[in-house]
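The lines below spell out each chain.
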Amino acid sequence: MAAPSKTTACYEGANFLRQRLVLSTLSGKQLKIRNIRHRDNEPGLRDYEAGLLRLLDKLTNGSIIEVNESGTSLHYVPGMLIGGKLEHDCSLQRGIGYFLELLISLAPFCKHPVNAVLRGVTNDPVDPSVDCLRHGCLPVLKRFLGDDEGLELKALKRGLKPSGGGEVVFRCPIKMKLRPIHLLDSGKVKRVRGLAYPFDGVGSP
């Protein structure tokens, strides 16, 4: 058996798909994944994972994504991170947060500032909600970027399973370099707040 190429990362199984795609895109290394749920009754990539690949294809230019007929093998050749305006209908099997986590990881490194509209399920017990990412993830990203100019995550519409219908806008500036940060002091809990929202509400609370 020939040794794998140094420019190709090879894995097996469906675990850590998003992390592998992010690292492959940032490093420029090709990615090969075999035996994706090959022993399951329904082998291969799930619909939401295929949707994630379509989102990554919209975010980049020149990427090559090859999936075999059974969906158990994936070959990904990363292209250039372009960014810009994009719209994506997320699979209703997962929350929009599943797709946002990949987008947030790659957006600062794009050629153009990202202005993305994602549609689907905004609040889901499996994935982080839009509110969780806005109040938890964006403040950390702001530290890396140095400021929050052009950084925004807003829920225009709420959407729950099984019908979805939610709509989220994510904007992120680009940075040539990220600032190093040191988080040594966990601080103290000052307040605990809750958030309520109507199912058919149009505006974000």
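Values in this document were obtained by computation on a predicted structure and should not be read as measured data.

Novice: Got a minute to help me understand the overall build of the chain in this structure?
Specialist: Of regular secondary structure, the chain possesses four helices and 10 strands. Ordered by position in the sequence, the α and β elements of the chain form the string β-α-β-α-β-β-β-β-β-α-β-α-β-β. In terms of C-alpha radius of gyration, the chain reaches 18 Å, essentially the compact-globule figure of 17 Å for 205 residues. Counting every position in the chain, which comprises 205 residues, the buried fraction comes to 41%. Restricting the contact set of the chain to residue pairs at least 6 apart, pairs at least 24 apart contribute 64%. By element, 52% of the accessible surface of the chain is carried by carbon and sulfur atoms, the whole surface being about 12100 Å². The average position of the 30 basic charges and that of the 21 acidic charges among the side chains of the chain differ by 7 Å.

Novice: I keep staring at unusual backbone geometry and nothing clicks. Help me out?
Specialist: Most of the time, phi is negative for any residue but glycine, and the peptide bond is trans. That bond from Lys161 to Pro162 is cis: its omega, 5°, falls within 30 degrees of zero. With a phi angle near 55°, Phe16 is a residue other than glycine that sits in the positive phi range. Of note, Phe16 is situated in the loop between strand 1 (8–12) and helix 1 (17–27). Of the residues examined, Phe16 reaches a relative accessible area of 54% and is grouped as exposed.

Novice: In this structure, what is going on with the sheet that holds strand 5 (residues 74–77)? I would like to understand it.
Specialist: Sheet strands line up and pair through hydrogen bonds in the backbone, either parallel or antiparallel. The strand order across the open sheet built from four strands is 1-2-5-4, with neighbouring strands paired in mixed fashion. One side of each edge strand has no neighbouring strand; the edge strands of this open sheet are strand 1 and strand 4 (64–67). Ignoring which end each strand starts from, the neighbouring axes of this sheet average 10° apart. Sheet analysis places strand 4 next to strand 5, joined by four bridges and oriented antiparallel. By the bridge assignment, Val67 is partnered in strand 5 with Leu74. This element, helix 1, spans strand 1, strand 2 (30–34) and strand 5 of the sheet and lies at about 155° to strand 2.

Novice: In this structure, what is going on with the state of the cysteines? I would like to understand it.
Specialist: Joining two cysteines, a disulfide is a covalent bond between their sulfur atoms. Taken as a whole and assessed by the stated rule, the structure comprises zero disulfides. Note on Cys90: no disulfide assigned, nearest cysteine sulfur contributed by Cys137 at a separation of 16 Å. Looking at Cys172, it has no disulfide partner, and the nearest cysteine sulfur is the one in Cys110, 8.0 Å off.

Each value, and the rule that gives it
The numbering scheme is per chain: residues are counted from 1 as the chain's sequence reads. With the structure being a predicted model, the display of local features is reserved for residues of pLDDT at least 70 and the display and counting of side-chain atom pairs for 80 or more, all residues being used for whole-chain, interface and lining totals. With hydrogens and water excluded, all non-hydrogen atoms of the structure serve as input to the side-chain values. The helix count covers DSSP runs of H or I at least four residues long, the strand count covers runs of E at least two residues long, and both are numbered beginning at the N terminus. Note on method: radius of gyration uses C-alpha positions; expected globular size equals 2.2 Å times residues raised to 0.38. Residue exposure (1.4 Å probe, protein chains only): buried if accessible area is under 20% of the type maximum, exposed if over 50%, otherwise partly exposed. Whether two residues are in contact is decided by their heavy atoms, any of which lying within 4.5 Å being enough. Accessibility throughout is a Shrake-Rupley quantity obtained with a 1.4 Å probe, and a residue counts as covered only by protein chains that appear here. Positive: Lys, Arg. Negative: Asp, Glu. His and the chain ends are not part of the count. By convention, the point assigned to a charge is CZ for Arg, NZ for Lys, CD for Glu and CG for Asp. A pair of strands counts as paired when DSSP detects no fewer than two bridges linking them. Angular values range over 0 to 180 degrees, each being the angle between N-to-C directions of two axes fitted as lines to C-alpha atoms, with helices fitted over their stretch in contact. Disulfide: a pair of cysteine sulfur atoms within 2.5 Å of each other.

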